[in-house]
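# Descriptive analysis of the structure
This is what each chain is made of:
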Amino acid sequence: MSINKERVFKALSTVDDPDLKKDLVTLGMIQEVEIQDNKISFKVVLTTPACPLKELIKNNCIEAIEQEFGTEVETDIFMTSNVTTARDNAPLIPQVKNIIAIASGKGGVGKSTCSSNLAVALAQTGAKVGLIDADISGPSLPTMFNVEGEQPAVKQENGKNIIIPIEQYGVKLMSIGFLTPADSAVVWRGPMASSALRQFIADVEWGELDYLLIDLPPGTSDIHLTMVQTIPVTGAVIVTTPQKVAIADATKGLTMFQQPQIKVPILGVVENMAYFTPEELPDNKYYLFGKEGGQKLSAKFDVPFLGEIPIVQSIRESGDSGYPAVFKEGVTQVAFQALAENLARQVAIRNAEGSKTEIVQVKA
């Protein structure tokens, strides 16, 4: 039987993307089909380099080709990715594909730890990642990335000062901690803090990014409104610990994004400090702060549950040393890598829905 491109596309149209629930041909994920004798070569363009289903999709493509042409056919598949976006044509940071807000409602739940490790985990997959520390009064990003004391360079562009972000572990970083003395308190009213966030967005040379994460301060404040009114936010991630008092505040953080005048999609809930695991007894789990609070929160509001992060000594040590826990082999590395994969999947699913990400118009 003759091999031609039409039959190749027909065969591959039987292979679905498990997350997007459509076939690869319809999604435009099959590209550069080449046929040489009995060898079929093509490229599969995934929606994110963090796709955990890469091997499953590849094997399904091989099975589809063999079912159409027989097992004598040689199949050469190049797996690559192009992170999707659903942004409108907003003028600010146009080369940033996805903007992800990371919120908690409550302080002390490890939101900045999750943001830092999530950013590094996404960068490890090959994605281009940036991270804004939007907590103006309590910046922790310089410490967590071991860049304390560093100051970003500034360049002139069209008569305007443009800040060059600090880059560490493959992540572009911006924080008020780079611009103020480490021991000095930033005592600013809301408008000044909001102005700083706008500057971090508009006056920083972010360049091309697949994901820009914004680590928000606790609560539901001016900073949150400034963010959604300044840039089109792809979605929000809610970080909580399992206990009731944290869930109560996380609920407020979640419902803020769901308000009719804001309508920022919830990409999922992360349950941090879900359980304690001693290093010498890795199979033991102790639920210090209760159990499955984050899972119950996600079920209540019908939003994805992205994963649970244990509380272990190495995470605290990593935060203090500025060497993220996702670099260290063990239960925390696995947890943060899975979190990054799950988030990337939810971003791709959200973008495939077709609704544009737009700047929010919030009336006073």
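Structure report, in brief. (Residues numbered from 1 in each chain as written. Predicted model: local features only at pLDDT ≥ 70, side-chain atom pairs only at ≥ 80, totals over all residues. Heavy atoms only, no water.)

## So, the environment of Val44
Counting through the fold element by element, Val44 comes out in strand S4 (residues 39–46). Sequence separation of Val44 and Ile77 is 33 residues, and the distance between their C-alpha atoms is 7.0 Å. With near-sequence residues (within four places) excluded, Val44 lies in contact with Leu24, Met29, Ile30, Ile57, Cys61, Ile77, Phe78, Met79 and Thr80. (Helix = DSSP H or I, 4+ residues; strand = E, 2+ residues; numbered from the N terminus. Contact = heavy atoms within 4.5 Å.)

## Quick look at the packing of aromatic side chains
Within this structure, the stated rule accounts for 6 aromatic pairs. Measuring from ring centre to ring centre gives 6.3 Å for Phe276 and Tyr286, while their planes differ by 35 degrees; the resulting arrangement is tilted. Of this pair, Phe276 sits in strand S14 (residues 266–276) while Tyr286 is found in the loop between S14 and helix H8 (293–300), placing the two residues 10 residues apart along the sequence. Using a relative accessible area of 30% as the deciding quantity, one classes Phe276 as partly exposed. Taken together, the ring pairs connect Phe145, Tyr169, Tyr323 and Phe327 into an aromatic cluster. Its guanidinium or amino end placed over the ring of Tyr275, Lys285 lies 4.5 Å from that ring's centre, counting from NZ or CZ. Directly above the ring of Tyr287 sits Lys291, whose terminal nitrogen or CZ lies 4.7 Å from the centroid. (Phe/Tyr/Trp six-rings, centres within 6.5 Å; stacked < 30°, edge-to-face > 60°. Buried < 20%, exposed > 50% of the residue type's maximum accessible area, 1.4 Å probe, protein only. Lys NZ or Arg CZ within 6 Å of the ring centre and 35° of its normal.)

## Here we look at the state of the cysteines
Enumeration according to the criterion identifies 0 disulfides in this entry. Not engaged in a disulfide, the cysteine Cys51 finds its nearest cysteine sulfur in Cys61; these two sulfurs lie 11 Å apart. (Disulfide = S-S within 2.5 Å.)

## Some words on the sheet that holds S4
Here we have 3 strands laid out as an open sheet, ordered S3-S4-S5, and mixed in their pairing. Whereas interior strands pair on both sides, the edge strands pair on one side only; in this sheet they are strand S3 (30–36) and strand S5 (74–81). Within this sheet the neighbouring strands show an average axis-to-axis angle of 15 degrees, counted without direction. Bridge count between S3 and S4: 5 bridges; the pairing is antiparallel. By the bridge assignment, Ile30 is partnered in S4 with Val44. Contacts from helix H1 (residues 5–12) reach S3 and S4 within the one sheet, and its direction differs from that of S3 by about 130 degrees. (Pairing = 2+ DSSP bridges. Axes fitted to C-alpha atoms, helices over the stretch in contact; angles between N-to-C directions.)

## Section: a nonpolar patch on the surface
A cluster of nonpolar side chains, namely Leu281, Tyr286, Leu288 and Phe289, defines an oily patch on the protein surface of about 350 Å² accessible area. A relative accessible area of 37% places Tyr286 in the partly exposed class. (Patch = residues over 30% accessible without salt bridge, like charges linked within 9 Å, V, L, I, M, F, W, Y side chains within 5 Å. Areas by Shrake-Rupley, 256 points an atom, 1.4 Å probe, with all protein chains shown as cover. Salt bridge = Lys/Arg side-chain N within 4 Å of Asp/Glu carboxyl O.)

## Considerations on the sheet that holds strand S11 (residues 171–175)
The strand order across the open sheet formed by 8 strands is S10-S11-S7-S12-S6-S13-S14-S15, and the pairing between neighbours is mixed. Two strands lie at the open edges of the sheet, namely strand S10 (166–168) and strand S15 (305–311), each paired on one side alone. Across the sheet, the axes of successive neighbouring strands diverge by a mean angle of 25 degrees, strand direction being ignored. As paired elements, strand S13 (residues 235–240) and S14 share 5 bridges and run parallel to each other. Paired with Val237 across the two strands is Gly268, which belongs to S14. Against the sheet, helix H7 (residues 244–258) touches strand S6 (96–103), S13 and S14, its axis set at about 175 degrees to S13. Packing against the sheet, H8 makes contact with S13, S14 and S15, and its axis sits at approximately 160 degrees to S14.

## Digging into the environment of Lys43
By the secondary structure assignment, Lys43 is in strand S4. A relative accessible area of 18% places Lys43 in the buried class. Taking the C-alpha atoms as reference, Lys43 lies 15 Å from Asp16; in sequence the two are 27 residues apart. Among residues more than four places away in sequence, those in contact with Lys43 are Met29, Ile30, Gln31, Glu32, Phe78 and Thr80.

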